[in-house]
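Each chain, written out:
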Amino acid sequence: MGSNSSRISDLPKNEYLKKLSGTESVSENDPFWNQLLSFSFPAPTSSTELKLLEEATISVCKALVENNPRTGNLGALIKVFLSRTKELKLSAECQNHIFIWQTHNALFIICCLLKVFICEMSDEELQLHFTYEEKSPGSYGSDSEDLLEELLCCLMQLITDIPLFLPYTSKLVKTLLYNFIRQEKPPPPGAHIYPQQSDGGGLLYGLASGVATGLWTVFTLGGVGSKATVSPELSSPLANQSLLLLLVLANLTDAPDAPNPYRQAIMSFKNTQDSSPFPSSIPHAFQINFNSLYTALCEQQTSDQATLLLYTLLHQNSNVRTYMLARTDMENLVLPILEILYHVEERNSHHVYMALIILLILTEDDGFNRSIHEVILKNITWYSERVLTEISLGSLLILVVIRTIQYNMTRTRDKYLHTNCLAALANMSAQFRSLHQYAAQRIISLFSLLSKKHNKVLEQATQSLRGSLSSNDVPLPDYAQDLNVIEEVIRMMLEIINSCLTNSLHHNPNLVYALLYKRDLFEQFRTHPSFQDIMQNIDLVITFFSSRLLQAGAELSVERVLEIIKQGVVALPKDRLKKFPELKFKYVEEEQPEEFFIPYVWSLVYNSAVGLYWNPQDVQLFTMDSD
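Residue indices begin from 1 for each chain and proceed along its sequence in written order. Local features in this predicted model are restricted to residues of pLDDT 70 or higher, and side-chain atom pairs are both shown and tallied only at a pLDDT of 80 or more, whereas totals for entire chains, interfaces and linings draw on every residue. No hydrogens and no water enter the side-chain calculation; it runs on all heavy atoms of the structure.

Structural notes on helix α22 (residues 479–504)
One full turn of an α-helix is made of 3.6 residues, so residues set three or four places apart face in the same direction. The secondary structure listing takes helices from DSSP runs of H or I that are at least 4 residues long and strands from runs of E that are at least 2 residues long, numbered from the N terminus. Working rule for helices: expected span equals 1.5 Å times residues minus one. For α22, with 26 residues, the first-to-last C-alpha span of 37 Å sits near the 38 Å given by 1.5 Å per residue. Of all the 26 residues making up α22, 20 are buried; the element is thus mostly covered by neighbouring parts of the structure. The cut-offs for exposure are 20% and 50% of the maximum accessible area for each residue type, with area from a 1.4 Å probe on protein chains only; residues under the lower value are buried, those over the upper are exposed, and the others partly exposed.

Pasting the structure below:
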């Protein structure tokens, strides 16, 4: 690049870049590096600018990919960067701001080049570019294979200011978590090259500040001085990139002889207020402020990566899960998750999966299932189907999950989505309390939709069977499989209704009212062999309360019907309701769609780098074969 390059259009013909990518080897001690790194080229601040930069340097990158195995110039550039970072840390007497500036520029060039190298070649090919030996051009040996590891260690040092890598796993994870928690904004434009001396700060502070703000651009793909129109989830590029790095590290595959240390650290950290000692068997434990972490998680759920972090912590760290379930303000966490599900049409399928799994994990706890019905919400503006001036968090959760099921039935038809939605409802069903009348109506409406679907598939199966008697040449759809799937879902809904009636009938007059209003729906299932057992209690409740309403006379108001129901609940002998095993479903990670997490994490990294986002319909992991 050099001191004369300051525009993207200059890059393809830049003499210094041509020399870097050419056929001539350049020693790391060559004065050329001072010339190459003395540029004031502004880092890209958007995906558009990043794309323009990549297009302008494609010829340089291709030449370097071709020539580097013989010249080793990429390795020389990395060694220049490594030597400069060591000097920055060791020398407090250095007052050369140009030295800091050039170090920043070296890392920027390395970042751009490695992005191309990683995208364009296999792991084996990439390794060759890091194993060049100057004493024997074109040959590769074990003595030179530490350059990539040394670069990674150096980057970790810059992030955490620590001298080693693996032994400080917990410090790295803790630093990345705090970067996410703090959500620090980028430095202002112009503050990232020359540090300002102040009366209160010494030279070392000036150097550290200069390096930190100068390298911020590189670590955040050009986030410095971003425009005010940047989306909320990217208002802190450092927090975003720290979170992505944390997720990548946490989802690395275990080695044959050792578990992933980053996952161990994430699984074991505790609250700063927890004074109990760490077990000696936990090698990477640390403490962090859970209140700050909880607040950040509540505020950042608009992004996929924050939702994935929340899932990871709830699923893998029992300390975090226990703390969150004990919070008295769970609505701050649950409402953003419900809003993700409510706007399912605008979210990618992976984000929706994560939100649902989080709800499933939360509903495994009976305390959570009770407490959500005690939290009263007012004026939920994002819920547009109906004005909800006052509703419990539990009733709202039921409404949103049922809406997700209905959306899935008509659009994506994803069996896995159905399973998780119904499992969450089943976990809550025994603890349903004071259901909002609209929530009770939607439960029965969902059953009505399933009943119609069942009748339609049954009719299609009957017609198909008749057709098969007249023609053996035409392949027939497998309506038996469709019928089996829909009957499984219907039984699940009946079990949910039965669980509520058996365990909390006296708390839910609105559900009894909805049952009576739509009692004809259940008639066809009374004698069905798949539902006879579970229909006993539902049929008993319908018959009992129908009789009491009949005795009260005709033309009853809604208020009078509810009054009769409340009186009847007291009179209904509890021993007449048959007891069934408690409905309890636990989330099991092995039941996730195959290869779900690692591709998902890398897609987030990719999307963050290039500014692309998936369409919600891009990925369908399981499909129900029904119309």
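Back to the write-up after that little detour.
Structural notes on the nonpolar core
When a protein is soluble and globular, its nonpolar side chains tend to lie buried together. Counting 136 residues, the largest nonpolar core has Tyr383, Leu396, Ile443 and Phe522 as the members making the most contacts within it. A contact between two residues is defined here by any heavy atoms of the two lying within 4.5 Å. When neighbours within four sequence positions are excluded, Leu396 is seen to be in contact with Leu335, Leu338, Leu377, Ile380, Trp382, Tyr383, Leu388 and Ile391. For the purposes of this section, nonpolar cores are sets of buried Ala, Val, Leu, Ile, Met, Phe, Trp, Tyr and Cys residues that join through side-chain atoms within 4.5 Å. Among the nonpolar cores identified, the runner-up in size contains 36 residues, and Leu64, Val80, Phe117 and Met121 belong to it.

Focus: the side chain of Arg347
With respect to the helices and strands, Arg347 occurs in the loop between α16 (331–342) and α17 (349–362). Under this rule, positive means Lys or Arg and negative means Asp or Glu; His and the chain ends count for nothing. Salt bridges are defined as contacts in which a side-chain nitrogen from Lys or Arg sits within 4 Å of a carboxyl oxygen from Asp or Glu. Of the side chains with opposite charge, Glu346 comes closest to the buried, unpaired Arg347, at an N-O distance of 5.7 Å. The definition of a polar contact used here is a pair of N or O atoms within 3.5 Å, where within protein one atom must be able to donate a hydrogen and the other to accept one, and adjacent residues in sequence count solely through side-chain atom pairs. Among the polar contacts listed, one links the side chain of Arg347 to the backbone oxygen of Thr302, at a separation of 3.3 Å.

Thoughts on unusual backbone geometry
Glycine aside, residues mostly have negative phi, and peptide bonds are mostly found in the trans state. Unlike most non-glycine residues, Gln183 shows phi in positive territory, near 50°. Residue position: Gln183 is located in the loop between α9 (169–182) and α10 (203–219). By relative accessible area, which is 12% here, Gln183 ends up buried. In this structure, Asn379 takes a positive phi of about 50° despite not being glycine. Within the secondary structure, Asn379 sits in the loop between β3 (376–378) and β4 (390–392).

Some thoughts on the packing of aromatic side chains
Only centres within 6.5 Å qualify two rings of Phe, Tyr or Trp (six-membered ring in Trp) as a pair; their planes then separate them into stacked at under 30 degrees, edge-to-face at over 60, and tilted for everything else. Following the criterion strictly, the structure yields 16 aromatic pairs and no others. On the numbers, 6.4 Å between centres and 75° between planes, the contact of Tyr294 with Tyr323 is edge-to-face. Here Tyr294, found in helix α13 (residues 290–299), pairs with Tyr323, found in helix α15 (residues 318–325); they are 29 residues apart in sequence, far enough to count as distant. Where Tyr383 meets Tyr438, the ring centres are 6.5 Å apart and the plane angle is 85°; that geometry is what we call edge-to-face.

With respect to the packing of α9 against helix α11 (residues 237–250)
The description of two packed helices rests on the angle between their axes and on the distance between the axes. Throughout, an axis means a line fitted to C-alpha atoms (over the contacting stretch in the case of helices), and angles, computed between N-to-C directions, take values from 0 to 180 degrees. Closest axis-to-axis distance for the α9/α11 pair is 8 Å, and the angle between their directions is 140°. Between α9 and α11, the interaxial angle falls into the category oblique. The crossing of α9 and α11 is left-handed. Taken together, the residues of α11 that come into contact with α9 (itself represented by Leu172, Val173, Leu176, Leu177, Asn179 and Phe180) are Leu238, Ala239, Ser242, Leu243, Leu245, Leu246 and Leu249. We call Asp, Glu, Lys and Arg charged. Ala, Val, Leu, Ile, Met, Phe, Trp, Tyr, Cys and Pro are nonpolar, and the rest, Gly among them, are polar. Residue classes in the contact of α9 with α11 are distributed as eleven nonpolar, two polar and no charged. Oblique is the label for any angle not covered by the other classes, which are roughly parallel (under 35 degrees), roughly antiparallel (over 145) and roughly perpendicular (65 to 115). The crossing is said to be left-handed when, going from far helix to near helix, the turn is anticlockwise and less than a right angle, and right-handed when the turn is clockwise.

Focus: the environment of Thr502
Looking at the element boundaries, Thr502 is found in helix α22. A distance of 2.8 Å separates a polar side-chain atom of Thr502 from the backbone oxygen of Asn498.

What about the confidence of the model for the protein?
Each residue gets a pLDDT score, which is the predictor's confidence in that residue and runs from 0 to 100. Averaged over every residue, the pLDDT of the protein is 80; the share at 70 or more is 78%. This stretch, residues 135–144, has a pLDDT under 50; its non-local contacts, to residues over four places away or in other chains, come to 18 contacts. Low pLDDT (under 50) marks residues 192–233, which in the prediction has 79 contacts with non-local residues, meaning those over four places away or in another chain.

A few points about the pattern of salt bridges
The final tally for this structure, using the stated rule, is 14 salt bridges. A salt bridge links Glu345 to Arg403; its shortest N-O distance comes to 3.5 Å. Of this pair, Glu345 sits in the loop between α16 and α17 while Arg403 sits in helix α19 (residues 393–410), placing them 58 residues apart in sequence. Here Arg491 makes a salt bridge to Asp533, at a shortest N to O gap of 3.0 Å. Taken together, the residues Arg491 in helix α22 and Asp533 in helix α24 (residues 532–552) connect sequence positions 42 residues apart. Look at Asp533 and you get partly exposed, because its relative accessible area is 27%. Through salt bridges with shared partners, a single network forms among Glu345, Glu385 and Arg403.

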